[in-house]
Amino acid sequence: MNNHPRLIHCFFTLLLCLGTYVHAADVPPRAAIATAHPLATRAGQEILEAGGNAFDAAVAVTAVLGVVEPYGSGLGGGGFWLLHRASDGMQVMVDGREKAPMAAHRDLYLDDKGEVIPGASINGPLAAGIPGVPAAMAHIAKKYGRLPLATSLAPAIRLAREGFAVDEQYRRYAKLRLQTLQRFPATAEIFLHKNAVPSLGYGLQQPDLANTLQSIAADGGESFYRGDLAKRLVVGVQAGGGIWSLEDLRQYRIVERAPIRTEYRGMKLISAAPPSSGGVALASMLQMLGQFDVDGMPEADRVHVMIEVMRRAYRDRAEYLGDSDFVEVPVVRLTSAAYAKQLVKGIRMDKATPSAALRPVGQPGGAGTDTTHFSILDAEGNRVAATMSINYLFGSGFVVPGTGFLLNDEMDDFSAKPGVPNAYGLVGAEANAIEPGKRPLSSMSPTFLDDDRGVAILGTPGGSRIITMVLLGALQYAAGADAETIVVRPRFHHQYLPDVVMYEDGAFSADTEQELSLRGHMLKKQLSPYGGGFGHYGNMQAVVWDRQKNRVDAASDKRGIGAASVFVQTKTAKEANGK
Ligand code: GLY
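The structure contained in this document is the topic of the report that follows. (Residues numbered from 1 in each chain as written. Predicted model: local features only at pLDDT ≥ 70, side-chain atom pairs only at ≥ 80, totals over all residues. Heavy atoms only, no water.)

As a further point, take the site of the ligand. What surrounds the ligand is a group of 11 residues, the closest being N391, E410, D413, S442 and S443. The side chain of S389 places a nitrogen or oxygen atom 3.5 Å from a nitrogen atom of the ligand. Measuring from an oxygen atom of the ligand, one finds a side-chain N or O atom of S442 at 2.6 Å. Summarising the interface, the protein chains cover 100% of the accessible area of the ligand, which totals 200 Å² for the free molecule. Per-class residue counts for the shell around the ligand are two nonpolar, six polar and three charged. (Near = heavy atom within 4 Å. Polar contact = N/O pair within 3.5 Å; in protein donor to acceptor, adjacent residues only side chain to side chain. Areas by Shrake-Rupley, 256 points an atom, 1.4 Å probe, with all protein chains shown as cover. Nonpolar A, V, L, I, M, F, W, Y, C, P; charged D, E, K, R; others polar.)

Below, the structure is given as structure tokens:
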């Protein structure tokens, strides 16, 4: 009888231990954030440590990246936020992609002779779609976050008001777009110093942007889409030659979409749905790769097969992909094993398939190269992978005076001239023709990977090369790599047209390079966009939670200036207020 209380105590201790064990297996031992800028990573951590969840941190990081990387994303742009909620396993893609204004039409960028007007879809407000970032941040904060929007936007407001030190990357990019930045006085006033590229360490303050962010923090974007800010934007855009109307802003809505899912050798890939081409192309490539024993192949054969798989997926991207609210995208067929089997029948191991030998379509959309990505895992296991863009460096280069942010030039992601044969006699991609209210086709591919080992969260900027970078990253993860190994891997890419393999130094061995040439692949080393030397591309941000090892790691691509942080989240959102 004397032992009875002790037995009960032991019994409850055992239950507690079991409970703790189950809990430990279900939640990551650390939170992690990887972003393209150290200040954005710090802001995300600040929000997590204030009791926010991954979704609050995503809002904070989104806003800060727009402040400190104005060349890559911002309030005037759009993006895709892939969310995973740990409590119920819900996964959704928040589509905050820009929309074409209602006055847009398929020949918007053609002259009287039907020729594309150079630069018309790239520079100035005519190139800008209706932005989705403010609406997406407000939506994520309200529906999934735990903190008030104003709290999550506070770090961005602070940085915009107090300024941040200009870094070498900013200077390089500003140099590349200097003419466009100088063309618009309101832009030059903010992003240049005395009309020249600011010096290293120059404190770039953005008081107008701070006020705009403050307005969004106060009303969740009401003024931006329907109030005084909307009026100011429309007047400014029209004065600059653009075609936005108040109705365009009023009608803008983010859309929640089911992500694209596929499985490759026991690994689930969850990625962006149309209007991104990323998830469909990734699923298609993995389905095709699944038809081969790629792991057992010599390197030259493996790379050859991967190039052929990329070629075929990008051909289909050019023909079939567009905004699924406007065109029928045959997602199920394109991502099916049966279709993949059909596609790989044409692959010869001894010879590259010339792209011209595949059924012709038009020029693949030339998705811009600049954009940004971040990956977040919080202490409860909530995840966010988000890729955002204003398209080319500094977007359209146009700022509506008094608003403080650059408008995107995402209209360039449409096919400016579909249905019309190009110089090679190929007909255009109708699915991605410009239509009022339509979202331009994107390559942005925020992605989750899920298998017995654990979970990876990844993505990158890089225009049309985003998708093949994520493919290489996914295959690295499948092979057991950690976050650092995933992001450093030298890259190669084929996108159907032009019919060349672009590659970074070290993407494959010298023997493989020779063998690929012998098989007829046209190899083109990536050159530095800044002139001279050997170049690189992409800026991948990855988080890996290895459940088996109970370890979290994160990495920010050394090709960029970003930072990754893995830390004990002392105050989880649940503890903060139990929402
Ligand atoms: N603007 C780059 C992309 O959406 O793919």
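Structure shown, so let's carry the discussion forward.
Okay, the pairing of strand β1 (residues 31-35) next. Most of β1 sits out of view: five of its five residues are buried. The alternating pattern of β1 places A31, I33 and T35 and A32 and A34 on opposite faces, both of which are buried. In this structure, β1 lies alongside strand β18 (residues 563-567), joined through five bridges in antiparallel fashion. Looking across to β18, one finds that A34 is bridged to A564. (Buried < 20%, exposed > 50% of the residue type's maximum accessible area, 1.4 Å probe, protein only. Helix = DSSP H or I, 4+ residues; strand = E, 2+ residues; numbered from the N terminus. Pairing = 2+ DSSP bridges.)

Here we take up the environment of A63. Along the chain, A63 falls in helix α3 (residues 54-68). As for A63 and G74, which are separated by 11 residues in sequence, their C-alpha atoms are 6.9 Å apart. Beyond its immediate sequence surroundings of up to four residues, A63 is in contact with M137, L153, A156 and L213. (Contact = heavy atoms within 4.5 Å.)

A few words on the nonpolar core. With 86 residues, the main nonpolar core has W81, F374 and F394 as its most contacted residues. Excluding residues within four positions of it along the chain, F394 makes contact with P70, Y71, Y170, Y173, A174, R177, L181, F191, L406 and L407. Judged by nonpolar contacts, the second largest core, of 85 residues, contains V303, V327, I457 and Y503. (Core = buried A, V, L, I, M, F, W, Y, C linked by side-chain atoms within 4.5 Å.)

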